[in-house]
Amino acid sequence: MLQFSVNEQRCSRCQLCAKDCPASIIDASGIPLICAEDEAKCYRCGHCLAICPTGAIAILGYNAEQSTPLAGNLPAAEQMETLIKGRRSVRHYLDANLPKQEIDDLLQVAWHAPTGHNTQKVHFTVIDDKGVLARFRDKVYDGLEERIQRDGLPVNRAFFADFVRVWREKNVDVLFRGAPHLVVASSPQVATTPANDCFIALSYFELYAQTKGIGTVWNGLLTWAINELVPSLVHELGIPQEHQVGYAMVFGPAAVHYARTINRGPAKVAFYR
């Protein structure tokens, strides 16, 4: 049930909800309505609730009172520019857990990232305790060592043997960088754009993390280990079998703090005219 309803006293009959509906299922010839036979066509995107200037619309159990007005609450363009340009991959972390509420806040905000056809199927697998992360790290290095001894490594992943060696001999953790937390984004293989959805969600995750002073690093090495070298780690993490692993990201309280943006560019651009 969509639970689509309109407060008739608030409704200005502007028809913006119908004009902006991606599925074109809102009849706004009078008070806006969605016929029962059209409910299954709804993208569940919430555009109608978001665009209503008077807050008259409720849908999917949500109404305007549960939302944050955008006017006066958005960051300035210059602030967003600095946030994006100032983003850094953090490879040094404090040996401490983040508060669980902060982790939940990161996940709930990242959940708002767009997905192909608005499927909203991205799944976050999270390690929120540094002790649990340490045990999982041991399983990763053990799995890599077993793979090396049993089958060897593919030529293009042979360098993982060095990671295992420096961990065993020098206690240098190249894969996790000493981070206390891990998030792995996955999505059903049958989703419209499973890998892309994961990348976008983690991009939202890391940018929001930066506003809180939380460090992140896109962990391609761990993603390869999970996807290619020690596939039993997918089961170990409890990632649904029918999912495609998009990417892994480690995060936690940063032990380093950067003072300024850097210059990159100019952007590589081609205009079609």
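Conventions and cut-offs
Residues numbered from 1 in each chain as written. Predicted model: local features only at pLDDT ≥ 70, side-chain atom pairs only at ≥ 80, totals over all residues. Heavy atoms only, no water. Phe/Tyr/Trp six-rings, centres within 6.5 Å; stacked < 30°, edge-to-face > 60°. Helix = DSSP H or I, 4+ residues; strand = E, 2+ residues; numbered from the N terminus. Buried < 20%, exposed > 50% of the residue type's maximum accessible area, 1.4 Å probe, protein only. Lys NZ or Arg CZ within 6 Å of the ring centre and 35° of its normal. Axes fitted to C-alpha atoms, helices over the stretch in contact; angles between N-to-C directions. Parallel < 35°, antiparallel > 145°, perpendicular 65-115°, else oblique. Left-handed = near helix turned anticlockwise from the far one by under 90°. Contact = heavy atoms within 4.5 Å. Nonpolar A, V, L, I, M, F, W, Y, C, P; charged D, E, K, R; others polar.

> Would you mind going over the packing of aromatic side chains in detail, with residue names and values included?
Taken as a whole, this structure holds nine aromatic pairs when the rule is applied. Seen from their ring centres, Tyr141 and Trp167 are 5.1 Å apart, and the 10 degrees between their planes marks the pair as stacked. Of this pair, Tyr141 sits in helix 5 (residues 130–150) while Trp167 sits in helix 6 (residues 160–170); the two residues are 26 residues apart in sequence, bridging distant segments of the chain. We note that Tyr141, like Trp167, is buried. When the ring of Phe205 is compared with that of Phe251, the centres are 5.1 Å apart and the planes differ by 75 degrees; the resulting orientation is edge-to-face. Here Phe205, found in helix 7 (residues 194–211), pairs with Phe251, found in strand 6 (residues 243–253); they are 46 residues apart in sequence, far enough to count as distant. Grouping aromatic residues by their ring pairs yields a cluster made of Phe159, Phe160, Phe163 and Trp224. Over the face of the ring belonging to Trp224 we find Arg157, whose NZ or CZ atom lies 3.7 Å from the ring centre.

> Describe the packing of helix 4 (residues 100–110) against helix 7, and please don't skip the residues or the numbers.
Where helix 4 meets helix 7, the closest approach of the two axes is 8 Å, and the angle between their N-to-C directions is 135 degrees. Here helix 4 is positioned oblique relative to helix 7, judged by the angle of their axes. Helix 4 and helix 7 meet at a crossing whose hand is right-handed. Along its contact with helix 4, which presents Asp105, Leu106, Leu107, Val109 and Ala110, the element helix 7 presents Ala201, Tyr204, Phe205, Tyr208 and Ala209. The residue makeup of the contact of helix 4 with helix 7, split by class, is nine nonpolar, no polar and one charged.

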